[in-house]
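Listed below, chain by chain, are the residues.
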Amino acid sequence: MDLAAKCQIAKKSLVEYPLEKITHVFFHTLIEDTSRAFDGDSKSGNYNQVMTTIDEFNKITQIMYDKGYVLVSPHDMATVNKDGTMSRGKIMVPEGKIPFVLSQDDVSYYHYMDGDGCASKLVLDENGEVKNEYVDADGNVLVGDYDLVPLLDSFIKEHPDFSYHGRKGILAMTGYNGVLGYRTDSAYKTGENLQDDQKKFLEDHPDFDYDQDVKDATKVADAMKAEGWEFASHTWGHIRVGDKPIETIQADTEKWLTYVAPLIGGSDIIIFAHGQDLSDWHDYTMDNEKFAYLKSQGFNIYCNVDSSQYFVQVRDNYLRMGRRNLDGYRLYQNLYGGGEDRTSDLFDSASVIDPQRPTDPSLYNLG
């Protein structure tokens, strides 16, 4: 049998997966060194709640792969037409495969994370591959798989069937501390309206070259896109779109479009910060001035946070998805919260949770 005939047989064995049953999971920056992240200081509780350790991420990835999960993009679920309308996509997978979307928030390597056991930026290594720069406890600068992007890249090299048509994940980008670990916001260039940690950064780096950081960030983003990664707005200032007035959203969006979009090649995806949304679960309409404005600025795909297994709306002018947090809070609640295990379809929390993670209940109180 020739290759063409084999391909035809393979195509006939594919099944269409229902779009409304595609789940979307997300992570924040991963923790490499738990002893520095969970050291009892004022930031430990936040890390404990919203972050995931590398050990946990690797276990989750392997378990989901073994269960048949496969990475897709929202752009596989819906296509954008020239007139701004949306058409339903069609995802065809082998029987038993389960499409899902993955995203990572705040991939800026904020100043406040310095010295806390996380990667410091995304870089290109000597082979042109996207890796992380990581400063260990002794101050050694290392390059390798120290956060989600290179870890997932390496996993997919070993397991290419974990990716649907070369898809990876989506990085939700703010801009106030720059992007990807590069200090690309205009404040670093003008020296105006600096926060204290930004002032300290510039004092500690008198040879800082703003234009070079912009070039380097753009180069890394281009390399990532070539490997199947996508980018999204997370708002420039990590703002609460549900609470803020339209004027604040407009000003923030203008900053994002000016200082972030050019570095990443733009995006039509917005992943709301703080898990907020523009309205309740009912459909968006053009009567919603926040939606009408964001749609006018080119955003077609909208993502909130929703702990249910699926929340998908494919409509004639937008795609909307709920995202599920796979972090310390979720793991702790699954095991000790006394309620429903909200990720049992994905993995067993008891086999995933990092033994180095603190178990003080007060650290998991979001109230």
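### Comments concerning the nonpolar core
Next up, step 1: By size, the foremost hydrophobic cluster in this structure holds 73 residues, and its most contacted members are L122, L171, L180 and Y302.
Next up, step 2: Here this core takes six residues from helix α6 (residues 148-158), the largest share from any one element.
Next up, step 3: If near-sequence neighbours (up to four positions away) are discounted, L180 is found in contact with V107, S108, Y109, K121, L122, L171, M173, A217, V220, A221 and F231.
Next up, step 4: V70, A232, I301 and M321 belong to the second largest nonpolar core, which has 23 residues in total.

### With respect to the pattern of salt bridges
Next up, step 1: Within the structure shown, the criterion is met by 16 salt bridges.
Next up, step 2: The partner of D222 in a salt bridge is K225, with the nearest N and O atoms 3.6 Å apart. You can see D222 and its partner K225 sitting in helix α9 (residues 210-226), three residues apart, about one turn around the helix.
Next up, step 3: Owing to a relative accessible area of 41%, D222 belongs among the partly exposed residues under this scheme.
Next up, step 4: K225 sits in the partly exposed class, given a relative accessible area of 33%.
Next up, step 5: Measuring nitrogen to oxygen at the nearest pair gives 2.7 Å for the salt bridge that ties D283 to R315. Placement of D283 in the loop between β15 (269-271) and α12 (289-296) and of R315 in the loop between β17 (312-314) and β18 (319-325) is noted, with a sequence separation of 32 residues between them.

### Here's the deal with the pairing of strand β16 (residues 301-305)
Next up, step 1: The buried fraction of β16 amounts to four of the five residues, a majority that puts the element mostly inside the structure.
Next up, step 2: Across three bridges, the pairing between β15 and β16 is parallel. Along β16, the bridge assignment pairs I270 with Y302.
Next up, step 3: Note that the unit made of β15, α12 and β16 has a crossover that is right-handed.
Next up, step 4: With five bridges joining them, β16 and β18 adopt parallel strand pairing. Its bridge partner lying in β18, V305 is registered against R323.

### Considering helix α13 (residues 328-336)
Since the α-helix advances by 3.6 residues per turn, residues separated by three or four positions end up pointing in the same direction.
Next up, step 1: Within the span of α13, buried status applies to G328, Y329, R330, L331, Y332 and N334.
Next up, step 2: On its buried face, α13 sits against α3 (44-50), α4 (54-67), β18 and α14 (349-352).
Next up, step 3: G338 lies just past α13 and shows a positive phi near 80°.

### What about the sheet that holds strand β11 (residues 130-135)?
Next up, step 1: In space, the three strands of this open sheet follow the order β10-β11-β12, with antiparallel pairing throughout. Of all the strands in the sheet, just β10 (121-124) and β12 (141-144) have a single pairing partner and so form its edges. Put simply, the sheet's adjacent strands are angled 40° from each other on average, direction ignored.
Next up, step 2: Both β10 and β11 contribute to a ladder of four bridges, which runs antiparallel. Following the sheet pairing, L124 is matched in β11 by V130.
Next up, step 3: Against the sheet, α6 engages β10, β11 and β12, with an angle of about 135° to β11.
Next up, step 4: Contacts from α9 reach β10 and β11 within the one sheet, and its direction differs from that of β10 by about 75°.

### Some points on the packing of aromatic side chains
Next up, step 1: Inspection of every chain in the model, using the stated rule, returns 23 aromatic pairs.
Next up, step 2: Seen in terms of ring centroids, Y284 and Y318 are 4.8 Å apart; in terms of plane orientation they differ by 45°. Their pairing is tilted. Of the two residues, Y284 is situated in the loop between β15 and α12 and Y318 in the loop between β17 and β18; the sequence distance between them amounts to 34 residues.
Next up, step 3: Looking at Y284, the relative accessible area reads 5%, which means it is buried.
Next up, step 4: With relative accessibility at 1%, the residue Y318 sits in the buried group.
Next up, step 5: Between F291 and Y318 the ring centres are 5.5 Å apart and the planes differ by 70°, which places this aromatic pair in the edge-to-face class. Here Y318 lies in the loop between β17 and β18 and F291 lies in helix α12, a separation of 27 residues in the sequence.
Next up, step 6: Residue classification places F291 among the buried residues on the basis of a relative accessible area of 0%.
Next up, step 7: Of the aromatic side chains, those joined through ring pairs into one cluster are Y47, Y110, Y112, Y176 and W236.

Quick notes on the rules
- Residues numbered from 1 in each chain as written.
- Predicted model: local features only at pLDDT ≥ 70, side-chain atom pairs only at ≥ 80, totals over all residues.
- Heavy atoms only, no water.
- Core = buried A, V, L, I, M, F, W, Y, C linked by side-chain atoms within 4.5 Å.
- Buried < 20%, exposed > 50% of the residue type's maximum accessible area, 1.4 Å probe, protein only.
- Helix = DSSP H or I, 4+ residues; strand = E, 2+ residues; numbered from the N terminus.
- Contact = heavy atoms within 4.5 Å.
- Salt bridge = Lys/Arg side-chain N within 4 Å of Asp/Glu carboxyl O.
- Pairing = 2+ DSSP bridges.
- Right-handed = clockwise from strand over helix to strand, strands pointing away.
- Axes fitted to C-alpha atoms, helices over the stretch in contact; angles between N-to-C directions.
- Phe/Tyr/Trp six-rings, centres within 6.5 Å; stacked < 30°, edge-to-face > 60°.

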